[in-house]
Amino acid sequence: MSFDSQTATSLKNITGNPLPYELPSLLEKLLEAIEKKYLLLRNGGIDSLKQQYISKLFRYQEWHYFRKDGIEFLGQILGIDEQGKLAVEAEGRIQYFGFKEIQFVI
């Protein structure tokens, strides 16, 4: 599913579906998905999980503008490092940013 909203507040707002969602069914699907990922991790699939995560990053491998400390710059998300910092190519080099150190310019 693709989301157009950057600040989603509910499934109804995003999907436009006015019908109530079957919460028990959604919970069951969510728990099944979590269990699958847990079992993959438990069986040594950390590299697979990391690659799945990276491939889902917003604007992954696309050139866009970012802002850090009020200064805008052009960059491209390449992945994450071992500490979970975002790896961004900018100004000809790879820079690493922690949680909320940079933001997208939308």
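Since we're looking at a predicted model, the values are computed, not measured.

The rules behind these values
- Residues numbered from 1 in each chain as written.
- Predicted model: local features only at pLDDT ≥ 70, side-chain atom pairs only at ≥ 80, totals over all residues.
- Heavy atoms only, no water.
- Pairing = 2+ DSSP bridges.
- Helix = DSSP H or I, 4+ residues; strand = E, 2+ residues; numbered from the N terminus.
- Phe/Tyr/Trp six-rings, centres within 6.5 Å; stacked < 30°, edge-to-face > 60°.
- Buried < 20%, exposed > 50% of the residue type's maximum accessible area, 1.4 Å probe, protein only.

Draft legend 1. Quick look at the sheet that holds strand β3 (residues 86-90). Here we have five strands laid out as an open sheet, ordered β4-β3-β2-β1-β5, and antiparallel in their pairing. In this open sheet, the two strands that pair with only one neighbour each are β4 (93-97) and β5 (103-104). When strand β1 (residues 63-68) meets β5, the two strands line up antiparallel, connected through two bridges. Looking at β5, one finds that Arg67 is bridged to Gln103.

Draft legend 2. Spatial organisation of the pairing of β4. Pairing between β3 and β4: five bridges, direction antiparallel. Counted as the bridge partner of Glu89 is Ile94 from β4. Here β3 folds back onto β4 in antiparallel fashion, the turn holding two residues, of which Glu91 has a positive phi close to 55°.

Draft legend 3. Spatial organisation of the packing of aromatic side chains. The final tally for this structure, using the stated rule, is four aromatic pairs. Consider the rings of Phe66 and Phe73, whose centres lie 5.7 Å apart with planes at 20°: the pair is stacked. By the burial criterion, Phe66 is buried, and Phe73 matches it. Accessibility expressed as a relative area gives 11% for Phe73, which makes it buried. Through a chain of ring-to-ring contacts, the aromatic side chains of Phe58, Phe66, Phe73, Phe97 and Phe104 assemble into a single cluster.

Draft legend 4. View of the pairing of β1. For β1 and strand β2 (residues 71-80), the ladder comprises six bridges, and the chain directions are antiparallel. What sits directly across from Trp63, in β2, is Gln76. Hairpin connection, β1 to β2: the antiparallel pair is bridged by two residues, and Asp69 has positive phi, about 55°.

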